[in-house]
Amino acid sequence: GYSNGSDGTGGDHPLGTVVGWNLAYGMGVWGKQTGFLYQALAVETSVIGNVAFDGPRAGISFTDGFGGGHNLHSNLLFNFVRETSDHGPFNSWDRQPYFTTYRDGSPSTTPKDTRIHHNLLINDYRSVWPLDHDDGSAYYRDYHNVLVYGG
């Protein structure tokens, strides 16, 4: 996506993307800062029914809150952070506020809530948190997940 500085009201960003029903494994052979899904400057992404495993860093990384409204459910993630032993299968951060209109129709730096639910996350390889929301992450609703070896 694109924003004009912190103004994300222009609409030049992914909206309503579906990442679904994939099998992904063996990431990190040619690059070490890799994972199954990296997301930035997007709104209302659905991540549904994926199986992903064996990666050097987080399986899913959301690098900003932007407009929010994402829905992650029915995924299986395991064997991530194999080379760093930090965070876990899911990692988010939000160091830059953006103005969007997705929360309630008026310009705001508050994104829509993102829902993470009904996933199986296995926290192995000395990772710290299965769902790691750090560096300003907010507006996440995590519920009905199975978090193995962490929580």
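Look above for the structure.
Throughout what follows, the structure given in this document is the object of discussion. (Residues numbered from 1 in each chain as written. Predicted model: local features only at pLDDT ≥ 70, side-chain atom pairs only at ≥ 80, totals over all residues. Heavy atoms only, no water.)

1. Things to note about the overall build of the protein
Item 1. Scanning the protein from N- to C-terminus turns up 0 helices and 14 strands.
Item 2. Secondary structure elements in the protein, listed N-terminal to C-terminal, are β-β-β-β-β-β-β-β-β-β-β-β-β-β.
Item 3. Taken against the 2.2 N^0.38 rule, which gives 15 Å for 151 residues, the C-alpha radius of gyration of the protein at 15 Å falls within 12% of a compact globule.
Item 4. Dimensions of the protein along its principal axes, counting C-alpha atoms only, are 45 × 35 × 30 Å. (Helix = DSSP H or I, 4+ residues; strand = E, 2+ residues; numbered from the N terminus. Rg over C-alpha atoms; globule rule 2.2 N^0.38 Å.)

2. Considerations on the pattern of salt bridges
Item 1. Inspection of the entire model under this criterion finds 4 salt bridges.
Item 2. A salt bridge links R103 to D113, with the nearest nitrogen and oxygen atoms 3.0 Å apart. Of this pair, R103 sits in the loop between β9 (90–92) and β10 (114–117) while D113 sits in the loop between β9 and β10, and the two are 10 residues apart along the sequence.
Item 3. R103 gets classed as partly exposed once you look at its relative accessible area, which sits at 38%.
Item 4. On the accessibility criterion, D113 (30% relative accessible area) is partly exposed. (Salt bridge = Lys/Arg side-chain N within 4 Å of Asp/Glu carboxyl O. Buried < 20%, exposed > 50% of the residue type's maximum accessible area, 1.4 Å probe, protein only.)

3. A short note on the environment of Y143
Item 1. With respect to the helices and strands, Y143 occurs in strand β13 (residues 140–143).
Item 2. Residue Y143 is classed as partly exposed on the basis of its relative accessible area, which comes to 22%.
Item 3. Taking the C-alpha atoms as reference points, Y143 and D86, separated by 57 residues in sequence, lie 22 Å from one another.
Item 4. Ignoring anything within four residues of it in the chain, the contact list for Y143 reads R115, I116, H117 and H118.
Item 5. One polar contact links Y143 to R115, side chain to side chain, over a distance of 3.1 Å. (Contact = heavy atoms within 4.5 Å. Polar contact = N/O pair within 3.5 Å; in protein donor to acceptor, adjacent residues only side chain to side chain.)

4. A word on the pairing of β10
Item 1. Direction of pairing for strand β7 (residues 71–73) relative to β10: parallel, over a ladder of 3 bridges. From the neighbouring strand, L72 faces β10, where its bridge partner is I116.
Item 2. Examined bridge by bridge, β10 and β13 share 4 bridges and lie parallel to one another. Following the sheet pairing, H117 is matched in β13 by Y143. (Pairing = 2+ DSSP bridges.)

5. Overview of the sheet that holds strand β5 (residues 51–53)
Strand pairing in a sheet relies on backbone hydrogen bonds, with the paired strands running either antiparallel or parallel.
Item 1. Spatial strand order, β2-β5-β8-β11-β14: 5 strands in an open sheet with parallel pairing. Both outer strands of the open sheet, β2 (23–25) and β14 (146–148), are each paired with one neighbouring strand and no more. Along the sheet, successive strands turn relative to each other by an average axial angle of 5°, direction set aside.
Item 2. Note: strand β8 (residues 76–78) against strand β11 (residues 120–122), 2 bridges, orientation parallel. From the neighbouring strand, L77 faces β11, where its bridge partner is L121. (Axes fitted to C-alpha atoms, helices over the stretch in contact; angles between N-to-C directions.)

6. Focus: the sheet that holds strand β6 (residues 60–62)
Item 1. Spatially, 4 strands are ordered β3-β6-β9-β12 in an open sheet, and the strand pairing comes out parallel. Each of the sheet's edge strands pairs with one partner strand only, and the pair in question is β3 (37–39) and β12 (131–133). On average, each strand axis in the sheet is inclined to that of its neighbour by 5°, with strand direction left out of account.

7. Here's the deal with the environment of P111
Item 1. Along the chain, P111 turns up in the loop between β9 and β10.
Item 2. In this structure the C-alpha to C-alpha distance between P111 and P97, which are 14 residues apart in sequence, comes to 9.3 Å.
Item 3. Those residues in contact with P111, other than ones at most four positions away along the chain, are G65, F66, G67, G68, R103 and Y139.

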